[in-house]
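Residue strings, one per chain:
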Amino acid sequence: MEKTEMESILAYVETFFSQSGAHDLDHILRVTRLCEEIGRAEGADMRVLIPAALFHDIARPIEDETGIPHQEEGARIAEAYLRQAGYDAERIPAIVHAIRTHRYSTGAEPETLEAKILSDADKLDAMGAVGIARTFLQAGEHGGGIGDAASHIHEKLLNLRGLMYTDGAGEIAEQRHALLQRFVESLEDETALTIELFHSGS
């Protein structure tokens, strides 16, 4: 993919994000970087994968406002932009498919290598140190606290390791899962100590 194309897409995507959050522009850039790393190792078509990564969460702000699923609206926005920009028409359907199926919780199954890599990269950004930071950020965005974030880690993040499609993502997931486990153990130890001290002093 030519640098000028990627820069143009990124500049367009940036216009949809006015503030930071758990699903912000930084998240998109991290997922894109992971896609580049995994995609090269897996032999992916980067002219499909990188645009899909840049567009994958473009409609998150719209979903927050309207409830429209961001993977569907994002796919629509990406297709309209890429066709108007004269992007390779043969690759656009594959880009749209990757965006539509990147959200593992919907049950939509990615069928191409590029779609699988995007799904993996998106899940990886929910793991490890960044995943922990994003979880607490998201809990705060919804008025939650430490307990809410910890529940999310147990219910979702600790299950992601076994959901990777590609070998490259699986190796990264093992490392990030181990960090998640260490964090959970430390958090449980520290919060248990706080509860114990509170009760012993009451």
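Once a new chain begins, its residue numbering starts again from 1 and follows that chain's sequence as written. Restriction of local features to residues with pLDDT of at least 70 applies here, the model being predicted, together with a cutoff of 80 or more for giving and counting side-chain atom pairs; totals for whole chains, interfaces and linings are based on all residues. Side-chain figures throughout are based on the complete set of non-hydrogen atoms in the structure, without hydrogens or water.

**With respect to the side chain of Thr135**
Step number 1: Helix and strand definitions here come from DSSP, where helices need a minimum of 4 consecutive H or I residues and strands a minimum of 2 consecutive E residues; each element is numbered from the N-terminal end. As for its placement among the helices and strands, Thr135 is situated in helix H8 (residues 128-141).
Step number 2: For Thr135, the side chain forms a polar contact with the main-chain oxygen of Gly131, separated by 2.7 Å. Any pair of N or O atoms that falls within 3.5 Å is considered a polar contact. Within protein, one atom must be able to donate a hydrogen and the other to accept it, and sequence-neighbouring residues count only if both atoms are side-chain atoms.

**Thoughts on the nonpolar core**
Step number 1: For the purposes of this section, nonpolar cores are sets of buried Ala, Val, Leu, Ile, Met, Phe, Trp, Tyr and Cys residues that join through side-chain atoms within 4.5 Å. Partly exposed residues are those whose accessible area sits between 20% and 50% of the maximum for their type, while under 20% is buried and over 50% is exposed, using a 1.4 Å probe and protein chains only. One finds Val13, Cys35, Phe55, Leu82, Leu118 and Leu124 to be the most contacted residues of the largest nonpolar core, which totals 48 residues.
Step number 2: Elements supplying a minimum of two residues to this core: helix H1 (3-14), helix H2 (25-42), helix H3 (46-55), helix H5 (70-84), helix H6 (92-100), helix H7 (113-124) and helix H10 (167-200).
Step number 3: Note on contacts: a residue pair qualifies if any of its non-hydrogen atoms lie within 4.5 Å across the two residues. Among all residues touching Leu124, those that are not within four sequence positions of it are Leu34, Ile38, Met164, Ala169, Ile172, Ala173 and Arg176.

**Some thoughts on the pattern of salt bridges**
Step number 1: Any carboxyl oxygen of Asp or Glu that lies within 4 Å of a side-chain nitrogen of Lys or Arg is treated as forming a salt bridge with it. One pass over the full model with this rule turns up 12 salt bridges.
Step number 2: Between Asp45 and Arg91 there is a salt bridge, with the nearest N and O atoms lying 2.8 Å from each other. On the criterion of sequence distance, the pair formed by Asp45 in the loop between H2 and H3 and Arg91 in the loop between H5 and H6 is long-range, its members being 46 residues apart.
Step number 3: Note on Asp45: relative accessible area 25%, which makes it partly exposed.
Step number 4: Looking at Arg91, the relative accessible area reads 25%, which means it is partly exposed.
Step number 5: The closest approach of N and O atoms between Asp88 and Arg91, which form a salt bridge, is 2.4 Å.
Step number 6: In this structure Asp88 comes out as partly exposed when scored by relative accessible area, which is 22%.

**Quick look at H2**
Step number 1: Taking 1.5 Å of rise per residue, the 18 residues of H2 would be expected to cover 26 Å, and the 25 Å separating its terminal C-alpha atoms lies within 8% of that figure.
Step number 2: Taken together, the buried positions of H2 are occupied by Leu25, His27, Ile28, Val31, Thr32, Leu34, Cys35, Ile38 and Gly39.
Step number 3: Of the residues flanking the start of H2, the one acting as N-cap is Asp24, its side-chain oxygen 3.2 Å from the backbone nitrogen of Asp26.
Step number 4: Two residues or fewer past H2, Gly43 is found with a positive phi of approximately 75°. By definition here, a helix of n residues has an expected span of 1.5 Å times n minus one.

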